[in-house]
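Residues per chain are reported as follows:
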Amino acid sequence: MARIGLGHDLHRLEPGGGLVLGGVTIPHDRRAVGHSDADVLLHAVTDALLGAAGLGDIGELFPDTDPANRGRDSAGMLAEAARRLAAAGWRIVNLDCVIFAQRPKILPHRTAIRRRIAGILHVDEEAVWLKAKTGEGVGPVGAEEAIAAECVVLIERSDRDE
Ligand code: CDP
Ligand code: ZN
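Calculation criteria
Residues numbered from 1 in each chain as written. Chains lettered and ligands numbered in written order. Predicted model: local features only at pLDDT ≥ 70, side-chain atom pairs only at ≥ 80, totals over all residues. Heavy atoms only, no water. Near = heavy atom within 4 Å. Polar contact = N/O pair within 3.5 Å; in protein donor to acceptor, adjacent residues only side chain to side chain. Areas by Shrake-Rupley, 256 points an atom, 1.4 Å probe, with all protein chains shown as cover. Nonpolar A, V, L, I, M, F, W, Y, C, P; charged D, E, K, R; others polar. Axes fitted to C-alpha atoms, helices over the stretch in contact; angles between N-to-C directions. Helix = DSSP H or I, 4+ residues; strand = E, 2+ residues; numbered from the N terminus. Parallel < 35°, antiparallel > 145°, perpendicular 65-115°, else oblique. Left-handed = near helix turned anticlockwise from the far one by under 90°. Contact = heavy atoms within 4.5 Å. Donors = N, O, S within 2.8 Å, 3.2 Å for Na, K, Ca; no water. Buried < 20%, exposed > 50% of the residue type's maximum accessible area, 1.4 Å probe, protein only. Expected span 1.5 Å × (residues − 1). Pairing = 2+ DSSP bridges.

Novice: How should the site of ligand 1 be read in this particular structure?
Specialist: Every residue close to ligand 1 is listed here: Ala101, Pro104, Lys105, Ile106, Leu107, Ala132, Lys133, Thr134 and Glu136. A distance of 3.0 Å separates an oxygen atom of ligand 1 from a polar backbone atom of Leu107. Thr134 places a main-chain nitrogen or oxygen 2.7 Å from an oxygen atom of ligand 1. Considering ligand 1 on its own, with 530 Å² of exposed area, one finds that the protein chains cover 65% of that surface. Of the residues that constitute the shell around ligand 1, the class distribution is five nonpolar, one polar and three charged.

Right, dumping it as structure tokens:
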């Protein structure tokens, strides 16, 4: 049996350095605002995984009302979601992601981001793909007021051969 999941996230941008995307810090003159480290891509990946397995969502697992989650490392939250998926008998087949950002160019960082996500999830780099789109200069993404990300994931039963 296989199931798919979809994750979406958006964060406000403000002036400042250090845009964290997919667990990789990208040099930029804006940064994402959020309760945690505001890694919009890892949040979308986490929600896609949790949705595929029917295990809740990132806000349920890590409520932003809990002071323990302030400044929390998004890689740690994703790793915990992946651990719960595995414990529930699921294996990740592949994921495909899109970052919506007017700037900076994401393509030069694609390999590093894919490698980092694959490392957190313990899957082959080949199972993680990433694309990026601008906002064509319109809307909150185009005006560089926001950055967004989406992810779809396919999972299958890890005990399928038994
Ligand atoms: O050409 P089209 O309007 O479909 O796409 P775009 O949003 O203008 O982006 C063109 C290409 O730039 C994308 O296909 C990506 O390869 C790249 N891109 C990127 O690397 N980083 C971004 N933040 C946005 C786009
Ligand atoms: Zn987020």
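Once the structure has been displayed, the description carries forward.
Novice: Help me out: how do you make sense of the packing of helix 1 (residues 40-53) against helix 3 (residues 74-87) in this one?
Specialist: How two helices pack is summed up by the angle between their axes together with the distance between the axes. Two elements in contact, helix 1 and helix 3, have axes whose closest approach is 9 Å; the angle formed by their N-to-C orientations is 15 degrees. As judged from the angle between their axes, helix 1 and helix 3 are roughly parallel. The way helix 1 lies across helix 3 gives a crossing that is left-handed. In this structure, helix 1 uses Leu42, His43, Val45, Thr46, Leu49, Leu50 and Ala53 to contact helix 3, whose residues at the interface are Ser74, Ala75, Met77, Leu78, Ala81 and Leu85.

Novice: Would you take a moment to explain the coordination of the zinc ion (ligand 2) for this structure?
Specialist: Between any two of four tetrahedral donors, the ideal angle at the metal is 109.5 degrees; between two of six octahedral donors, it is 90 or 180 degrees. Surrounding the zinc ion (ligand 2) are the protein donor atoms Asp9 (OD), His11 (NE2) and His43 (ND1), which sit 1.9 to 2.0 Å from the metal. We note that the donor set of the zinc ion (ligand 2) lies within a single chain, spaced as D-x1-H-x31-H. On the basis of relative accessibility, which here comes to 16%, the residue Asp9 falls in the buried class.

Novice: Sorry, what's going on with helix 1 here?
Specialist: Spacing of three or four residues puts side chains on the same side of an α-helix, whose turn is 3.6 residues. In this model helix 1 runs 20 Å from its N-terminal to its C-terminal C-alpha over 14 residues, within 8% of the 20 Å that 1.5 Å per residue would give. Burial of helix 1 is extensive: 13 of the 14 residues sit out of reach of the surface. Positive phi appears at Gly54, one or two residues downstream of helix 1, with a value of about 65 degrees.

Novice: So what exactly am I meant to see when it comes to unusual backbone geometry here?
Specialist: Leave glycine aside and you will find that most residues have negative phi; peptide bonds, for their part, are mostly trans. A cis geometry characterises the amide bond from Arg103 onward to Pro104, with omega recorded as -10 degrees. Examined against the element boundaries, Pro104 turns out to sit in the loop between strand 5 (90-100) and helix 4 (110-121). The phi torsion at Glu136 lies on the positive side, around 55 degrees, for a residue other than glycine. Relative to the assigned elements, Glu136 resides in the loop between strand 6 (128-133) and helix 5 (139-142). Assessed through its relative accessible area of 70%, Glu136 is described here as exposed.

Novice: What is the right way to look at the sheet that holds strand 4 (residues 30-33) in this model?
Specialist: Neighbouring strands of a sheet are bound in pairs by backbone hydrogen bonds; such pairs are parallel or else antiparallel. Across the sheet, five strands lie side by side as 4-1-7-5-6; this open sheet has mixed pairing. Looking at strand neighbours, the two that pair on one side only are strand 4 and strand 6, the edges of this open sheet. Neighbour-to-neighbour, the strand axes of the sheet open up by a mean angle of 30 degrees, direction not taken into account. In the packing of helix 1 onto the sheet, the strands contacted are strand 1 (2-15), strand 5, strand 6 and strand 7 (146-157), and the crossing angle to strand 1 comes to about 155 degrees.

Novice: For this particular structure, what's the right way to read the pairing of strand 7?
Specialist: Consecutive side chains of a regular strand alternate in pointing toward one face of the sheet and then the other. Inspection of the sheet shows strand 1 paired to strand 7 by eleven bridges, in the antiparallel sense. Of the residues in strand 7, the one forming a bridge with Ile4 is Leu154. Of the pairings in the sheet, the one linking strand 5 to strand 7 comprises ten bridges and is antiparallel in character. Bridge pairing links Asn94 to Leu154 in strand 7.

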